[in-house]
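Observations on chain architecture
Here are the chains, one letter per residue:
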Amino acid sequence: MKYLKINIEKNADIEVLKTVILQLKGVDSAEIIDDENPESELKKAFAKTKEQFKKGDYETLVNDIFDILTKK
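Residues numbered from 1 in each chain as written. Predicted model: local features only at pLDDT ≥ 70, side-chain atom pairs only at ≥ 80, totals over all residues. Heavy atoms only, no water.

1. Here's the deal with the overall build of the chain
When helices and strands are tallied, the chain shows three helices and zero strands. When its helices and strands are written in sequence order, the chain yields α-α-α. Here the chain holds 72 residues, and 10% of them are scored as buried. Within the chain, contacts between residues separated by at least 24 positions form 23% of all contacts whose residues are at least 6 apart in sequence. (Helix = DSSP H or I, 4+ residues; strand = E, 2+ residues; numbered from the N terminus. Buried < 20%, exposed > 50% of the residue type's maximum accessible area, 1.4 Å probe, protein only. Contact = heavy atoms within 4.5 Å.)

So, in structure tokens, the structure goes:
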């Protein structure tokens, strides 16, 4: 899967931008990530754990959490 990272200005309306991007052909999903608040990414990683455990996808689970914890 490929990703597109978009940096926005502080006063931009993130929800409107997300809605517009989701309407583009070929866009599967859009996620808002706050680099100034890495805790939100960690919470998302832990929220995915239940589904990853069900699938037995332990390697991806560990890698996701490790990437977030070591991100600078």
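2. So, a nonpolar patch on the surface
On the surface, a nonpolar cluster with roughly 500 Å² of combined accessible area is contributed by Leu4, Ile6, Ile8, Ile14, Leu17 and Ile32. Tracing the sequence through the fold places Ile6 in the segment before α1 (14–22). Of the residues examined, Ile6 reaches a relative accessible area of 44% and is grouped as partly exposed. (Patch = residues over 30% accessible without salt bridge, like charges linked within 9 Å, V, L, I, M, F, W, Y side chains within 5 Å. Areas by Shrake-Rupley, 256 points an atom, 1.4 Å probe, with all protein chains shown as cover. Salt bridge = Lys/Arg side-chain N within 4 Å of Asp/Glu carboxyl O.)

3. Things to note about the confidence of the model for the chain
Per-residue confidence for the chain gives a mean pLDDT of 80, with 88% of residues at or over 70. Between the elements of the chain, mean pLDDT differs from a low of 72, seen in helix α2 (residues 38–55), to a high of 91, seen in α1. (pLDDT = per-residue confidence, 0-100.)

4. Details of the environment of Glu31
By the element assignment, Glu31 lies in the loop between α1 and α2. In this structure the C-alpha to C-alpha distance between Glu31 and Lys18, which are 13 residues apart in sequence, comes to 7.6 Å.

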